[in-house]
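The lines below spell out each chain.
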Amino acid sequence: MYFTITRAISQITKCKKYSLTHITGLHRDDKNYGRMLFRMLHFSERKTQQFNKPLSAMTQMPRPGGIASFMRLPIQDTSQGLNVCFVGVPLDIGTSNRSGTRFGPRQIRTESVIVRPVNGSTGAMPLETLQVADVGDIPIAMYEIQQAVKDIRSGIQKILSNGCIPLTMGGDHTITYPILQAIKEKHGPVGLIHIDAHADVSDEVLGCKIQHGTPFKRAVDEGLLDCKRVAQIGLRGTLYVDQDFRYQWSRDQGFKVVHADECWHKSLTPLMKEIRAQMGDAPVYVSIDIDALDPAYAPGTGTPEIGGLTSIQMLELVRGCRGLNIVGGDLVEVSPPYDTSGNTALAGANILFELLCVLPGVKYLQF
């Protein structure tokens, strides 16, 4: 098998006198050798593949025209043949304050028409090496949250069954619970990078075990998370009881907790170096609540909290995920009725694109 793969790589590089050791500096005994072999072969297959491209506002259709899929990408009914898909979950019956995030996926798609396929800051070109499409929304029981959770889990299971990474547009944060249920079935307990104003680890609210303040308590209860590889970033706001001070429950589980106060007036790039070391090579899920951003940047959300992250810090956090084994992600809690300018949905669309840019296998331009 080794010699077969090495010959294939020689053909790929059109330079038979060079081995993989010459090309990468790795030796056969190196633990990353097999992974590099696989990635090079996988990339060689992609070189001849035709990848989906978004509708161009320069040459095909002005931005106000056409169907508002995410980034104006092609629409598919299923995830078959895709490496990554954008999928919506229009659920907001788990909200505790201002509703309206059921319209989040639609508005994020609308604002995403301005997102172009090349990342002008990092050089990422995800659509050159990944097959990506918008697969629409998961049908849910809008009036019964217990059934809605089952619907979401089933919908994500179907996406994962095709080897596709789901990037999900919410919807309130309840949706992450059933997504993680489906993710565990495929990948086992995963690491979690959770960027949010709230810890979302309540056991129950008004007697209800499932709502947008409980998903990560449910995830811990069901063994969906590798708790030593969980980071919660941007937490802040007033609390109900003193036992919640400094988010002690999360810390007791082994989570890394980064309070919003610790993020003020500085770059978060060094923090992400620590997070990458914490996550290691094992599967990681990324869940981003738009209310992690200060309301100055994202007013259109259900539970805004002052003193939040800047949009620049959010970019540092997401870009800092590059190199991780990301198996899925979501962007939740965009509430268009409170987003009169559209800027919250626009931020959400750009954050999702940035998340796409850091997935495994993305091609980067060299500066």
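Residues numbered from 1 in each chain as written. Predicted model: local features only at pLDDT ≥ 70, side-chain atom pairs only at ≥ 80, totals over all residues. Heavy atoms only, no water.

Caption draft 1: Inspection of the overall build of the protein chain at higher detail. Counting its secondary structure elements, the protein chain contains eleven helices and ten strands. Looking at the protein chain as a whole, 52% of its 367 residues are labelled buried. Partitioning the intrachain contacts of the protein chain with sequence separation of at least 6 by distance along the chain shows that 77% fall at a separation of at least 24. Taken as a whole, the protein chain presents about 17000 Å² of accessible surface, with 54% of it coming from carbon and sulfur. (Helix = DSSP H or I, 4+ residues; strand = E, 2+ residues; numbered from the N terminus. Buried < 20%, exposed > 50% of the residue type's maximum accessible area, 1.4 Å probe, protein only. Contact = heavy atoms within 4.5 Å. Areas by Shrake-Rupley, 256 points an atom, 1.4 Å probe, with all protein chains shown as cover.)

Caption draft 2: Quick peek at the sheet that holds strand S4 (residues 165-170). Read from one edge to the other, the open sheet built from eight strands follows the order S3-S1-S4-S9-S8-S5-S6-S7, with strand pairing classed as parallel. Each edge of the sheet is formed by a strand with only one pairing partner; in this case those strands are strand S3 (132-137) and strand S7 (256-259). Across the sheet, the mean angle from the axis of one strand to that of its neighbour is 15 degrees, orientation sign disregarded. Judged from the four bridges that link them, strand S6 (residues 225-235) and S7 form a sheet pairing that is parallel. In the strand pairing of S7, Leu235 is matched with His259. (Pairing = 2+ DSSP bridges. Axes fitted to C-alpha atoms, helices over the stretch in contact; angles between N-to-C directions.)

Caption draft 3: Quick look at the side chain of Asp289. Its place among the elements puts Asp289 in strand S8 (residues 283-289). The side chain of Asp289 sits in the buried core without any salt bridge; Arg236 is the nearest counter-charge, 8.2 Å away. (Lys, Arg positive; Asp, Glu negative; His and termini not counted. Salt bridge = Lys/Arg side-chain N within 4 Å of Asp/Glu carboxyl O.)

Caption draft 4: Quick look at the nonpolar core. By size, the foremost hydrophobic cluster in this structure holds 54 residues, and its most contacted members are Phe86, Ile108, Ile193, Leu356 and Leu359. When near neighbours in sequence (up to four residues on either side) are disregarded, Leu359 contacts Val84, Leu130, Ile165, Leu167 and Ile326. (Core = buried A, V, L, I, M, F, W, Y, C linked by side-chain atoms within 4.5 Å.)

Caption draft 5: Layout of helix H10 (residues 311-319). Residues of H10 that are buried: Gln313, Met314, Glu316, Leu317 and Val318. Next to the buried residues of H10 lie strand S5 (190-195), S6, helix H9 (269-279), S8 and helix H11 (343-357).

Caption draft 6: Region of the structure containing the environment of Met125. Position of Met125 among the secondary structure elements: in strand S2 (residues 124-125). For Met125, a relative accessible area of 14% gives the class buried. Separated by 238 residues in sequence, Met125 and Lys363 have C-alpha atoms that sit 5.4 Å apart. Contacts of Met125, omitting those with residues within four sequence positions, involve Pro117, Val118, Val362, Lys363 and Leu365.

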